[in-house]
Amino acid sequence: MSSLPQLEDAIRKADVLLEALHWIRQFRDRHVVIKLGGSAMEETEAVRQFLTDVIFMETVGMRPILVHGGGKAINAAMAKAGIPPRFVQGRRYTDDATLEIVAQVLAGDICQALVDEINRQGGDAIGLSYQTINCLRGRRLTLPGPNGEPLDLGRVGEVTEIDRDLLLTTCRGGRIPVLPSIALDEQGGKLNVNADTAAAAVARLIQAEKLVFLSDVPGIFLDRHDPATLQRHLTADRCRELIAQGIIDAGMVPKVEAALEALAAGVGKVHIIDARIPHSVLLEVYSNEGIGTEIVL
């Protein structure tokens, strides 16, 4: 006979499952694009737990797609090669030598490590990149300079197309696609793509139910020094106001702008959550009270 504390604990677990049931049924067969990157990727145990959550999502019927970057690993590889990094308006200037390092770190090292860990835990993942089966297609990206002149970023690109059939077939087959943020142009040349914008493009082009940015912050704050100002729910219009006021600034701006483009194209919701919180993805998607910032139209 179970003791009372054990019974109460078991009942609490059952209550959690019943709360999740509503969301599991609602999101069954729906696609969710999850972007993993930044310093969150340096936390090995956090990444391992996150991948467990992704396997859970696929097991209960959702169709997760992972898109990843890897800035810190790229910096380390460039330092080892003796190539100093150069940035133009926050984007990594990518010459041919830099591109080869970026491509190998993302498509070779990080993508394969994520696939291997998912498979080790009993999931079924496949890396989709120029090294295996390419999924992302793109074009060179230029940014306007201070006087409106185009700024040369080298082999930096933006995603213009995806192999939609490949992605959908992979997901329908019960496999978890893992996409590094490297696209191929019309000539088959590699392009270094910002992982936030790559994830948003994938979500937009398959009209995903959700786009999730895993970050190293809990979400969007009105005052980043005051945890009480975390915004649980924001509309697209309110986000534009916060960008104009400089409250959303620095690296959060391209993330939020990519989110707004995805919403305008039919993505249901965008979430910004802290990857360092255990099971943050499950708490955000499968519970009544999310833990990050959700953005809607």
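Residues numbered from 1 in each chain as written. Predicted model: local features only at pLDDT ≥ 70, side-chain atom pairs only at ≥ 80, totals over all residues. Heavy atoms only, no water.

A. Summary view of unusual backbone geometry. Phi at Asp29 is positive, roughly 70°, even though this residue is not glycine. Inspection of the secondary structure puts Asp29 in the loop between α1 (4–27) and β1 (31–36). In this model, His279 sits at a positive phi of 60°, which is unusual for a non-glycine residue. Residue placement: His279 occurs in the loop between β15 (269–274) and α9 (280–285). (Helix = DSSP H or I, 4+ residues; strand = E, 2+ residues; numbered from the N terminus.)

B. Spotlight on the state of the cysteines. On inspection of all chains with the given rule, the structure shows zero disulfides. Cysteine Cys111 remains unbridged, with the sulfur of Cys135 as its closest cysteine sulfur at 11 Å. Relative accessible area serves as the criterion here: at 3%, Cys111 is assigned to the buried category. Free cysteine: Cys171, not disulfide-bonded; nearest cysteine sulfur from Cys135 at 9.5 Å. For Cys171, a relative accessible area of 5% gives the class buried. (Disulfide = S-S within 2.5 Å. Buried < 20%, exposed > 50% of the residue type's maximum accessible area, 1.4 Å probe, protein only.)

C. Main features of the side chain of Thr94. The topology assignment puts Thr94 in the loop between β4 (91–92) and α4 (96–120). Residue class for Thr94 comes out buried when judged on its relative accessible area of 0%. A distance of 2.9 Å separates a polar atom in the side chain of Thr94 from the backbone oxygen of Arg92. If we skip the residues at most four places from it in the chain, Thr94 touches Leu99, Leu153, Gly154, Arg155, Val156 and Asn192. (Polar contact = N/O pair within 3.5 Å; in protein donor to acceptor, adjacent residues only side chain to side chain. Contact = heavy atoms within 4.5 Å.)

D. Molecular detail of the packing of aromatic side chains. Within the structure shown, the criterion is met by two aromatic pairs. Between the aromatic rings of Trp23 and Phe27, the centroid separation amounts to 6.0 Å while the plane-to-plane angle is 20°, which identifies the pairing as stacked. Taken together, the residues Trp23 and Phe27, both in helix α1 and four residues apart, mark about one turn of the helix. Ring geometry for Phe56 versus Tyr286: centroids 5.9 Å apart, planes at 75°, classification edge-to-face. Here Phe56, found in helix α2 (residues 44–59), pairs with Tyr286, found in the loop between α9 and β16 (293–296); they are 230 residues apart in sequence, far enough to count as distant. It is Arg86 that lies over the ring of Tyr93; its NZ or CZ is 4.2 Å from the centre. When the ring centre of Tyr130 is taken as origin, the NZ or CZ atom of Lys190, which lies over that ring, is 5.1 Å away. (Phe/Tyr/Trp six-rings, centres within 6.5 Å; stacked < 30°, edge-to-face > 60°. Lys NZ or Arg CZ within 6 Å of the ring centre and 35° of its normal.)

E. Geometry of helix α7 (residues 236–244). Residues of α7 that are buried include every one of Ala236, Cys239 and Leu242, and no others. The buried side chains of α7 occupy one side of the element, clustering within an arc of 115° when seen end-on. Facing away from the buried side of α7, by more than 90 degrees, are the exposed residues Asp237 and Ala244. (Arc of directions from axis to C-beta.)

F. Expanded view of the packing of helix α5 (residues 164–172) against helix α6 (residues 195–206). Contact geometry for α5 and α6: axes closest at 11 Å, N-to-C directions at 85°. Classified by the interaxial angle, the pair formed by α5 and α6 is roughly perpendicular. In contact with Arg164, Leu167 and Leu168 of α5, α6 contributes Val202, Leu205 and Ile206. Partitioned by chemical class, the residues of the contact of α5 with α6 number five nonpolar, no polar and one charged. (Axes fitted to C-alpha atoms, helices over the stretch in contact; angles between N-to-C directions. Parallel < 35°, antiparallel > 145°, perpendicular 65-115°, else oblique. Nonpolar A, V, L, I, M, F, W, Y, C, P; charged D, E, K, R; others polar.)

G. Region of the structure containing a nonpolar patch on the surface. Together, Leu4, Leu7 and Ile11 line one region of the surface with nonpolar side chains, adding up to about 290 Å² of accessible area. Take Ile11: it is sitting in helix α1. (Patch = residues over 30% accessible without salt bridge, like charges linked within 9 Å, V, L, I, M, F, W, Y side chains within 5 Å. Areas by Shrake-Rupley, 256 points an atom, 1.4 Å probe, with all protein chains shown as cover. Salt bridge = Lys/Arg side-chain N within 4 Å of Asp/Glu carboxyl O.)

H. Up close: the sheet that holds β1. Strands sit in the order β5-β10-β2-β1-β13-β15-β16-β14 across an open sheet of eight strands; the sheet is mixed. Since the sheet does not close on itself, it has two edges, and those belong to β5 (125–127) and β14 (233–235), each with one partner. If you compare each strand with its neighbour and ignore which way they point, the axes differ by 20° on average. In this sheet, strand β2 (residues 63–68) lies alongside β1 in parallel orientation, the contact comprising six bridges. Within the sheet, the bridge partner assigned to His31 lies in β2 and is Arg63. Relative to the sheet, α5 contacts β1, β2, β5 and β10 (176–180), its axis offset from that of β2 by approximately 125°. Along the sheet, α7 makes contact with β14 and β16, crossing β14 at roughly 85°. (Pairing = 2+ DSSP bridges.)

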